[in-house]
Amino acid sequence: MAPPPSPRPEAGSARLGASSPAAGSAGMRGRLLRAWREGVKAARGAAGRAGTSASPPWRVLFFGTDRFAVTALRALEAVREPSEDSLVSRLEVVTLPSRQPGDLPVRSCARELQLPVHEWPHTGPVGQFDVGVVASFGRLLSEDLILQFPYGVLNVHPSHLPRWRGPAPIFHTVLHGDKVTGVTIMEIRPKRFDVGPIIKQEEFPVPPHCTAKELEVMLSKKGANMLISVLKNLPESLKNKREQPKEGVTFAPKITIAKSCIIWEEQTAAQIIQLHRAIGSVFPLQTLWKGTTVKLRDFVEVDNIPGFADQILDDSGAVPGSLLYHRASQTLIARCKEGWVGIKTVILKKQLTAVDFYNGYMHTWFQQNSRTVHEECRFQTLKLSTAKKTPKKKEILAQDIKQ
């Protein structure tokens, strides 16, 4: 079978006439795309003449970093020779240098599986692989590198592209309350993230109350299964690829610790719960208590607190951040821009239950009436200027949580 066809150039967002000031740049872009197409043709033709296989098993170079990527890597290892249904004859791994005390999940997994590991920007022997696979790698691949693979480079992306292009699609899916997401197997193109043609795509309903960490596990399994399905008939899959729609494009930028600061005056109870589900496993939400930064965990919706809905509150003096204690459920209750939110755990020097925090810091205000708001008993918004700067290692790399 002949090598797969070259990628089609992406259409511009608008047609530019010869008289347009941007016509020159459009012409340059067109020439670059034509050069890219011809380069792919030449590279794949040469690879075909050099004996590139037209059917499995494939020689695969895998690029990844995090837990999401590990699931895809393990799926590739499971179908590597000498397995009965072998799809992979050779498997090597490229990952990033680790800037954290612990190792990157993909590097640890590769060592466990005794796979050769290359540290970016080194990518191993040139011209020794049929196809590249990317999952949560967070680096753009150059045109020269992509052209080394006769069947190109596939990307396992945990969103229904073109929605949530970028490094943190799962976080943004949960943060924005999407009811449906998906996984896309797409073809990598140089210079821009997540814009290549779609090879395989499936929708996935987001379970109610799901956290980003839970959704990551679900989508990683789905993505791994879809990747294996594509590799079973790779030439045909590439032949049937399609360009991404121009409509519905959204971006999922990297999440940093600054996002974890609760803005009591601007965020509703529902928005704070959603923020906790999206980033709480990586960055616990933060606020100020008497000038000291505290972290909050284990948020609950007040509708789910037994007996709270029937409790009559004297909240005439409540301002965003005001605190009460619900004794029956042993829950702190904080006033938001709209509504109240429950909190079970506070980290102030050490981790405290709501009971511990109430007994140690709140009870003197509520000895007479536990349902009356006190002006001094409140959380305050942690301003960005007072938030501690976070090393780059704490930023979320392309998840690409994709945690």
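Every value quoted in this text rests on a predicted model; they were computed, and no experiment measured them.

What counts and how
- Residues numbered from 1 in each chain as written.
- Predicted model: local features only at pLDDT ≥ 70, side-chain atom pairs only at ≥ 80, totals over all residues.
- Heavy atoms only, no water.
- Phe/Tyr/Trp six-rings, centres within 6.5 Å; stacked < 30°, edge-to-face > 60°.
- Helix = DSSP H or I, 4+ residues; strand = E, 2+ residues; numbered from the N terminus.
- Buried < 20%, exposed > 50% of the residue type's maximum accessible area, 1.4 Å probe, protein only.
- Arc of directions from axis to C-beta.
- Contact = heavy atoms within 4.5 Å.

Asks: So what's going on with the packing of aromatic side chains? Residues and values would help.
Replies: Under the criterion given, the structure shown has 11 aromatic pairs. Ring centres of Trp 264 and Phe 379 lie 6.0 Å apart, and the angle between their planes is 15°; this geometry places the pair in the stacked category. Here Trp 264, found in the loop between helix H7 (234-239) and helix H8 (269-279), pairs with Phe 379, found in the segment after helix H9 (354-362); they are 115 residues apart in sequence, far enough to count as distant. Of the two residues, Trp 264 and Phe 379, neither departs from the other in class, the shared state being buried. Aromatic pair Tyr 325 and Tyr 358: ring centres 4.2 Å apart, planes at 15°, arrangement stacked. Here the residue Tyr 325 occupies a position in strand S10 (residues 323-326), and Tyr 358 occupies one in helix H9, the gap between them amounting to 33 residues. The pair formed by Tyr 325 and Tyr 358 is uniform in burial state, with each residue classed as buried. Members of the aromatic cluster, joined through ring pairs, are Trp 264, Trp 289, Phe 357, Tyr 361, Trp 365 and Phe 379.

Asks: Before we move on, can you summarise helix H3 (residues 105-112) with the specific residues and values?
Replies: Along H3, the positions that sit buried rather than exposed are Val 106, Arg 107, Cys 109 and Ala 110. The buried side chains of H3 occupy one side of the element, clustering within an arc of 165° when seen end-on. More than 90 degrees from the buried face of H3, the exposed residues found are Arg 111 and Glu 112. For H3, the elements touching its buried residues are strand S1 (58-64), helix H2 (67-78), strand S2 (88-95) and strand S3 (117-119). Remark: Gln 114 follows H3 within two positions and exhibits a positive phi of approximately 60°.

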